[in-house]
Amino acid sequence: MKKLLVAAIFAMIAVTPFAANAAQQTVKLSVPGMTCASCPYMVKQAISTVDGIKSVEATMEDRSATVVFDDALTSVDEIKQATAGIGYPSSLFEAGSGS
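On a predicted model such as this, the values are computed, not experimentally measured, just so you know.

(A) Structural detail: the overall build of the chain. Counting its secondary structure elements, the chain contains 3 helices and 4 strands. In the chain, the order of α-helices and β-strands from amino to carboxyl end is α-β-α-β-β-α-β. Within the chain, buried positions represent 27% of all 99 residues. Within the chain, residue pairs in contact and separated by at least 24 positions form 62% of the contacts whose partners lie at least 6 positions apart. Counting only carbon and sulfur atoms, one obtains 60% of the accessible surface of the chain, whose full area is about 6,500 Å².

What follows is the structure, encoded as structure tokens:
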């Protein structure tokens, strides 16, 4: 039992430096394929399945998704793959692009 406790403590110490380097990121994705009321729900559900996602807001108004995520656990490319995987390709939103 002591060995198990010591191993758990060492495992927590080993992971700590990586967690300290993690940063919360926010990105806004353009998702032009959202054309109906259920589309934002589908996009939100797909993105939510990606490890490291903190929050997702998808909206039809500007056909976008705003995603807050832990960059130690996922990347923008993985988030974009999640939307593409359900038929909604996405890209980084460019302000003023009309997307």
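(B) Summary view of the side chain of Ser-90. Relative to the assigned elements, Ser-90 resides in the loop between helix H3 (76-85) and strand E4 (91-92). Its relative accessible area of 13% is what places Ser-90 among the buried residues. Among the polar contacts made by the side chain of Ser-90, one reaches the side chain of Thr-83 at a distance of 2.8 Å. Those residues in contact with Ser-90 that sit more than four places away from it in its chain are Leu-29, Ser-30, Val-31, Lys-80 and Thr-83.

(C) Inspection of the packing of helix H2 (residues 39-48) against H3 at higher detail. Following both chains from N to C, one finds H2 and H3 inclined at 135°, their axes separated by 8 Å at the closest point. When the axes of H2 and H3 are compared, the pair comes out oblique. Helix-helix and strand crossings are classified by hand; for H2 and H3 the assignment is right-handed. In this structure, H2 uses Val-43, Ala-46 and Ile-47 to contact H3, whose residues at the interface are Ile-79, Ala-82 and Thr-83. Class assignment of the residues belonging to the contact of H2 with H3 gives a composition of 5 nonpolar, 1 polar and no charged.

(D) Representation of H2. Buried within H2 are the following residues: Cys-39, Pro-40, Val-43, Ala-46 and Ile-47. Mapping the buried residues of H2 onto a view down its axis gives an arc of 130°, with all of them on the same face. Buried residues belonging to H2 abut strand E2 (53-59), strand E3 (64-70) and H3.

(E) Expanded view of the pattern of salt bridges. On inspection of all chains with the given rule, the structure shows 2 salt bridges. Residues Asp-77 and Lys-80 are paired through a salt bridge, measuring 4.0 Å at the closest nitrogen-oxygen approach. Linking Asp-77 with Lys-80, this pair stays in helix H3, spanning 3 residues, or about one helical turn.

(F) Spatial organisation of a nonpolar patch on the surface. Taken together, the side chains of Tyr-41, Met-42 and Ile-86 present a nonpolar region at the surface, about 300 Å² in accessible area. Within the secondary structure layout, Tyr-41 lies in helix H2. Among the residues examined, Tyr-41 registers a relative accessible area of 53% and is labelled exposed.

Cut-off values and rules
- Throughout, a residue's number is its position along its own chain's written sequence, starting from 1.
- Only residues with pLDDT of at least 70 are given local features in this predicted model, and only at 80 or more are side-chain atom pairs given and counted; all residues enter the totals for whole chains, interfaces and linings.
- By convention in this description, side-chain values take in all heavy atoms of the structure and omit both hydrogens and water.
- Working definition: helices are DSSP H or I runs of at least four residues, strands are E runs of at least two. Numbering for both runs from the N terminus.
- Burial status follows relative accessibility: with a 1.4 Å probe on protein chains alone, a residue under 20% of its type maximum counts as buried, one over 50% as exposed, and anything between as partly exposed.
- The contact rule is simple, with two residues in contact once any of their heavy atoms fall within 4.5 Å.
- Methods summary: accessible areas were calculated by the Shrake-Rupley approach with a probe of 1.4 Å, and residue burial reflects only the protein chains presented.
- Here a polar contact is taken to be a pair of N or O atoms separated by no more than 3.5 Å, where protein atoms must pair a possible hydrogen donor with a possible acceptor and residues adjacent in sequence count only if both atoms sit in side chains.
- A fitted line through C-alpha atoms represents every axis, and for helices the fit uses only the stretch in contact; the resulting angles, taken between N-to-C directions, go from 0 to 180 degrees.
- Oblique is the label for any angle not under 35 degrees, not over 145, and not in the 65 to 115 range, which are roughly parallel, roughly antiparallel and roughly perpendicular in turn.
- Should the near helix be turned anticlockwise from the far one by less than a right angle, the crossing is left-handed, and should it be turned clockwise, the crossing is right-handed.
- Residues were grouped as follows: Ala, Val, Leu, Ile, Met, Phe, Trp, Tyr, Cys and Pro as nonpolar; Asp, Glu, Lys and Arg as charged; and all remaining residues, including Gly, as polar.
- Directions from the helix axis toward the C-beta atoms define the arc.
- When a carboxyl oxygen of Asp or Glu lies within 4 Å of a side-chain nitrogen of Lys or Arg, that pair is called a salt bridge.
- Surface patches are drawn from residues lacking salt bridges whose relative accessible area is over 30%; two like charges belong together within 9 Å, two nonpolar side chains (Val, Leu, Ile, Met, Phe, Trp, Tyr) within 5 Å.

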